[in-house]
There are 2 protein chains.
Amino acid sequence: MALEEMALDNIKYDDKGLIPAIIQDINSKEVLMMAYMNAESLEKTLETGTTWFWSRSRGALWNKGETSGHFQYVKAINYDCDGDTLLIKVEQIGVACHTGARNCFFNELVEQTNRENEVDITILEKIYNVI
Amino acid sequence: MALEEMALDNIKYDDKGLIPAIIQDINSKEVLMMAYMNAESLEKTLETGTTWFWSRSRGALWNKGETSGHFQYVKAINYDCDGDTLLIKVEQIGVACHTGARNCFFNELVEQTNRENEVDITILEKIYNVI
């Protein structure tokens, strides 16, 4: 575990002692959720092999799945080039979102592809008008 | 654009006026990077169709790819169940990381799968010893 301990020194927590952890389904590759870890929750995650987070609203550690049974079994943990974000690949039991959705990102702000199509049509119309 | 404007009201910025944005490759589904946006950078992202972030270290807006040419063309923007994280699916030109790596998460904290195998071997050894 020497390498892991060395790597832990590279993790940079913010001024609140937290680091964002992106949770990705190792099979489907969908991004399931994002939550925050502190040093203790990262240690418990490494220890137990399931994800532990720090709830900013409740001010407490939580083990994802503890009440719902929807545990996340950790398959790999990576950190980014500046060490201030974690990417955790998991095997998700049940669903990731407390709303019952498979992942937390079900709200669409904008489907850019449609807007591009609109632009394309406008350009075609302009060309058509010129012709 | 009425729906988009309504959805923008659901976005919750933190006490520094920032929201984390996870950038995912729409084709390979790999998580490329995470960076922060403020309201202005999100607006510029919507406006231009490429990603704009707020650099916390430089205290300035930056358009990803502006100097490197490695633009990210936005294909979809989603926000999570509590509106405080963005998931942006992009078409990545070149590489996402300033180090030249395809994505920023090339550092491995722990490859959990190997640890599981270790545990399995330990259990098998124990069973073997009992037998």
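So, here is what we can say about the structure in this document. Keep in mind it's a predicted model, so treat the numbers as computed, not measured.

1. Looking at the sheet that holds strand E7 (residues 107-110) of chain B
Note: strands within a sheet are paired through backbone hydrogen bonds, in either parallel or antiparallel orientation.
Then, in step 1: Spatial strand order, E2(A)-E1(A)-E6(A)-E5(A)-E7(B): 5 strands in an open sheet with mixed pairing. Each edge of the sheet is formed by a strand with only one pairing partner; in this case those strands are strand E2 (31-37) of chain A together with E7 of chain B. Going across the sheet, the axis of each strand differs from the next one's by a mean of 30 degrees, ignoring polarity.
Then, in step 2: For strand E1 (residues 19-25) of chain A and strand E6 (residues 86-92) of chain A, the ladder comprises 5 bridges, and the chain directions are parallel. Looking at the pairing, Ala21 of chain A lines up with Leu86 of chain A of E6 of chain A.
Then, in step 3: Against the sheet, helix H2 (residues 39-48) of chain A contacts E2, strand E5 (72-79) and E6 of chain A together with E7 of chain B, and its axis sits at roughly 120 degrees relative to E5 of chain A.

2. Side note on the pairing of E1 of chain A
Residue and element names in this part refer to chain A.
Then, in step 1: Counting buried positions along E1 yields 7 of 7 residues, so the element is predominantly enclosed.
Then, in step 2: Relative to E2, E1 is paired through 6 bridges, and the arrangement is antiparallel. Note on E2: the bridge partner recorded for Pro20 is Tyr36.
Then, in step 3: Taking the residues between adjacent antiparallel strands as the criterion, E1 and E2 are bridged by 5 residues, where Lys29 takes a positive phi near 70 degrees.

3. So, a positive patch on the surface
Then, in step 1: A cluster of basic residues, Lys29 and Lys89 of chain A together with Lys29 and Lys89 of chain B, forms a positive patch at the surface.
Then, in step 2: Here Lys29 of chain B shows up in the loop between strand E1 (19-25) and strand E2 (31-37).

4. Digging into the interface of chain A and chain B
Then, in step 1: Taken together, the 48 residues of chain A in the interface contact 48 residues of chain B.
Then, in step 2: Per-residue buried area on chain A facing chain B is highest for Cys81, Phe105 and Leu109 of chain A; these three make up 18% of the total on that side.
Then, in step 3: Here chain A and chain B share 4 salt bridges between them.
Then, in step 4: Residue Asp84 of chain B pairs with Arg56 of chain A through a salt bridge whose shortest N-O separation is 3.1 Å.
Then, in step 5: Our enumeration of links across chain A and chain B arrives at 20 residue pairs in polar contact (both at pLDDT 80 or more).
Then, in step 6: For the side of chain A that touches chain B, the secondary-structure elements that each account for two or more residues are helix H1 (2-8), E1, E2, H2, E5, E6, strand E7 (107-110) and helix H3 (112-130) of chain A.
Then, in step 7: Per-element accounting of the side of chain A that touches chain B gives the leading share, 6 residues, to E5 of chain A.
Then, in step 8: In terms of residue class, the side of chain A that touches chain B is made up of 24 nonpolar, 10 polar and 14 charged.
Then, in step 9: Summarising the sheet, E5 of chain A and E7 of chain B pair through 3 bridges and their orientation is antiparallel.

5. Let's talk about the side chain of Asp25 of chain A
All names here are of chain A.
Then, in step 1: Structurally, Asp25 is set in strand E1.
Then, in step 2: Taking relative accessible area as the criterion, Asp25 reaches 4% and is therefore assigned buried.
Then, in step 3: Among residues more than four places away in sequence, those in contact with Asp25 are Glu30, Leu32, Val90, Gln92 and Arg102.

6. Description of H2 of chain A
Residue and element names in this part refer to chain A.
Then, in step 1: For H2, every residue scored as buried is listed here: Ser41, Leu42, Thr45 and Leu46. Projection of H2 onto a plane perpendicular to its axis shows the buried side chains occupying an angular sector of 140 degrees, all on one side.
Then, in step 2: Of the residues one or two after H2, Gly49 is the one with positive phi, at around 80 degrees.

7. Comments concerning the sheet that holds strand E5 (residues 72-79) of chain B
Then, in step 1: What the 5 strands build is an open sheet, ordered E7(A)-E5(B)-E6(B)-E1(B)-E2(B); its pairing is mixed. Only two strands of the sheet have a single partner each, and these edge strands are E7 of chain A together with E2 of chain B. Each strand axis lies, on average, 30 degrees off the axis of its neighbour in the sheet, ignoring direction.
Then, in step 2: Across 7 bridges, E5 of chain B lies against strand E6 (residues 86-92) of chain B in antiparallel orientation. Paired with Gln72 of chain B across the strands is Gln92 of chain B, a residue of E6 of chain B.

Calculation criteria
Residues numbered from 1 in each chain as written. Chains lettered and ligands numbered in written order. Predicted model: local features only at pLDDT ≥ 70, side-chain atom pairs only at ≥ 80, totals over all residues. Heavy atoms only, no water. Pairing = 2+ DSSP bridges. Helix = DSSP H or I, 4+ residues; strand = E, 2+ residues; numbered from the N terminus. Axes fitted to C-alpha atoms, helices over the stretch in contact; angles between N-to-C directions. Contact = heavy atoms within 4.5 Å. Buried < 20%, exposed > 50% of the residue type's maximum accessible area, 1.4 Å probe, protein only. Patch = residues over 30% accessible without salt bridge, like charges linked within 9 Å, V, L, I, M, F, W, Y side chains within 5 Å. Areas by Shrake-Rupley, 256 points an atom, 1.4 Å probe, with all protein chains shown as cover. Salt bridge = Lys/Arg side-chain N within 4 Å of Asp/Glu carboxyl O. Lys, Arg positive; Asp, Glu negative; His and termini not counted. Charge placed at Lys NZ, Arg CZ, Asp CG, Glu CD. Buried area = accessible area lost by both parts, 1.4 Å probe. Polar contact = N/O pair within 3.5 Å; in protein donor to acceptor, adjacent residues only side chain to side chain. Nonpolar A, V, L, I, M, F, W, Y, C, P; charged D, E, K, R; others polar. Arc of directions from axis to C-beta.

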